Every structure is written in C-alpha cells, then in structure tokens.
Amino acid sequence: KVFRLARLKTNQSCGLHVHLDMRQRNVEECYTKLRLFQDALFAIVNKDRWNNRFCRQNPRDERAHHMGINRSAYEEHQTIEIRMHHGCVDTSQIEKWVRLLINVVQGKNVPQVASKKDALKWKGLNKKLRHYIRSNLKEEWFTEKGRFEY
C-alpha cells in the first residue's frame with residue numbers, strides 16, 4: 001500500500017536485487033542449487049532482463065559482479081545476490097520471487113531446469129510457487145537464451 005500511495009514506478013533501467021544471507025548456510029551448495037534452477041528464474045523475469053549486461057547468465061562457475069546469480073557478493077556481504085529480476089514495486093510479486101529463491105536454496109533435489117516442465121515437476125515446490133511458475137515462466141527463454149551476447 002505504501003508503494004501505491006507513494007506512486008513509485010520503475011523503468012527498464014531498474015532491477016530488483018535480492019541478497020540471500022549465507023552466514024548460516026553452505027554458500028557453495030546454495031550457489032549450485034541456484035545455478036541449477038537459473039533457467040527457470042530467468043524465464044520468469046521480463047524479457048528485457050534476458051540480454052542485460054548487469055545480470056548475465058551463469059554458464060559456469062563465474063563469480064563476476066554482474067552475473068544473474070552474484071556469488072562474489074559473499075566476500076563482502078556474506079550473501080548471494082540474485083540480480084536478474086526486473087524492477088518491481090508490486091509487493092505481492094516481490095514476495096513470490098523471494099519465496100521462490102528461498103525455496104531453491106533450502107530445497108532438496110533441485111533439478112537442472114531445461115524446460116517449464118522440468119521446473120514444474122520439482123517436488124520441492126508448494127502449490128503457490130508451482131502456480132507462480134506456471135503463470136509467469138516464459139517457454140521462449142529456453143529457445144532464445146543461446147542467442148544472447150554480453
């Protein structure tokens with residue numbers, strides 16, 4: 001409600017960056033889970049984030065600051081920073097995104113996602129998160145992702 005009252009807005013230059021606290025977690029294990037699930041995460045966000053130099057795909061264990069999953073944030077903040085989400089002031093959408101990220105790092109048997117079907121068949125999703133993925137994941141990510149140059 002506060003965001004609406006303040007009439008906050010975003011544009012394509014904005015991104016929603018989420019820092020996940022790693023002080024009580026195995027950072028490498030969490031990073032691996034996020035990388036396994038990153039295609040589903042990218043497929044959920046707006047298309048203008050897909051080929052964005054400030055939130056690039058993590059094709060391997062790259063620890064540069066401008067990766068969609070920023071592992072290098074751990075050294076300074078003891079967090080993993082997730083940078084891929086588009087700018088957003090919709091608190092409901094922000095909450096769903098954060099819950100999905102937490103679910104991935106806390107989850108068991110996180111799958112390597114290569115399709116919407118892969119993401120949805122993961123048993124670690126509750127009903128609300130499964131609905132969130134089903135409603136927001138864009139299938140075309142899986143065919144277009146190889147075309148991006150950074």
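Scroll up to find the structure.
Q: How do you make sense of the packing of aromatic side chains when you look at a structure like this?
A: The geometry of two aromatic rings is summed up by the distance between their centres and the angle between their planes. A full pass over the atoms with the stated rule returns three aromatic pairs. With 5.3 Å between their ring centres and 70° between their planes, Trp-50 and Trp-141 make a pair best called edge-to-face. Here Trp-50, found in the loop between helix 2 (27–44) and strand 2 (69–70), pairs with Trp-141, found in helix 7 (residues 141–144); they are 91 residues apart in sequence, far enough to count as distant. As far as the burial class goes, Trp-50 and Trp-141 line up, both buried. By way of ring pairs, the aromatic residues Phe-42, Trp-50 and Trp-141 are connected into one cluster.

Q: Before we go on, may I ask you to explain helix 6 (residues 127–136) in this structure?
A: Given 3.6 residues per helical turn, the α-helix brings residues three or four places apart onto the same face. Leu-129, Tyr-132 and Ile-133 are the residues of helix 6 that are buried. Mapping the buried residues of helix 6 onto a view down its axis gives an arc of 95°, with all of them on the same face. Every exposed residue of helix 6 that faces more than 90 degrees away from the buried side is listed here: Lys-127 and Lys-128. Buried residues in helix 6 make contact with helix 2, strand 3 (79–86), helix 4 (91–106) and helix 5 (116–120). Between the side-chain oxygen of the N-cap and the backbone nitrogen of Lys-128 there are 3.1 Å, and the N-cap of helix 6 in question is Asn-126.

Q: Would you explain the environment of Asn-70 in this entry?
A: One can find Asn-70 in strand 2. Overall, the relative accessible area of 1% leaves Asn-70 in the buried class. Spatially, the C-alpha atoms of Asn-70 and Glu-81 are 4.9 Å apart, while their sequence positions differ by 11 residues. Those residues in contact with Asn-70 that lie beyond four places of it in its chain are Ala-64, His-65, Thr-79, Ile-80, Glu-81 and Arg-83. At a separation of 3.3 Å, a polar atom in the side chain of Asn-70 contacts the main-chain amide nitrogen of Ala-73. A distance of 2.7 Å separates a polar atom in the side chain of Asn-70 from a polar atom in the side chain of Glu-81.

Q: Help me out: how do you make sense of the pattern of salt bridges in this one?
A: Applying the stated criterion across every chain yields a total of nine salt bridges. Among the salt bridges present, the one from Lys-145 reaches Asp-39, with a minimum N-O distance of 2.5 Å. Of the two residues, Lys-145 is situated in the segment after helix 7 and Asp-39 in helix 2; the sequence distance between them amounts to 106 residues. One salt bridge in this structure joins Arg-99 and Glu-95, with 2.8 Å as the shortest N-O distance. With Arg-99 and Glu-95 both in helix 4 and four residues apart, this pair spans about one turn of that helix. Judged by relative accessible area, which is 41%, Glu-95 ranks as partly exposed. Bridged by salt links that share partners, the residues Glu-28, Arg-71 and Glu-75 form one connected network.

Q: How should the side chain of Thr-79 be read in this particular structure?
A: Relative to the elements of secondary structure, Thr-79 occurs in strand 3. Classification of Thr-79 by relative accessible area gives buried; the value is 9%. Polar side-chain contacts of Thr-79 include one of 2.7 Å to the side chain of His-19. Residues contacting Thr-79, with those up to four places away along its chain left out, are His-19, Leu-20, Asp-21, Met-22, Asn-70, Arg-71, Ala-73 and Tyr-74.

Q: Could you clarify how one ought to interpret the sheet that holds strand 2 in this entry?
A: Strands in a sheet are paired, the pairing made by backbone hydrogen bonds, and the direction either parallel or antiparallel. The sheet built from three strands is open, its strands ordered 1-3-2 with antiparallel pairing. Both edges of this open sheet fall to strand 1 (15–21) and strand 2, since each of them pairs with a single strand only. Examined bridge by bridge, strand 2 and strand 3 share two bridges and lie antiparallel to one another. Note on strand 3: the bridge partner recorded for Asn-70 is Glu-81. Across the sheet, helix 2 is in contact with strand 1, strand 2 and strand 3; its angle to strand 3 comes to roughly 5°.

What counts as what
Residues numbered from 1 in each chain as written. Predicted model: local features only at pLDDT ≥ 70, side-chain atom pairs only at ≥ 80, totals over all residues. Heavy atoms only, no water. Phe/Tyr/Trp six-rings, centres within 6.5 Å; stacked < 30°, edge-to-face > 60°. Helix = DSSP H or I, 4+ residues; strand = E, 2+ residues; numbered from the N terminus. Buried < 20%, exposed > 50% of the residue type's maximum accessible area, 1.4 Å probe, protein only. Arc of directions from axis to C-beta. Contact = heavy atoms within 4.5 Å. Polar contact = N/O pair within 3.5 Å; in protein donor to acceptor, adjacent residues only side chain to side chain. Salt bridge = Lys/Arg side-chain N within 4 Å of Asp/Glu carboxyl O. Pairing = 2+ DSSP bridges. Axes fitted to C-alpha atoms, helices over the stretch in contact; angles between N-to-C directions.

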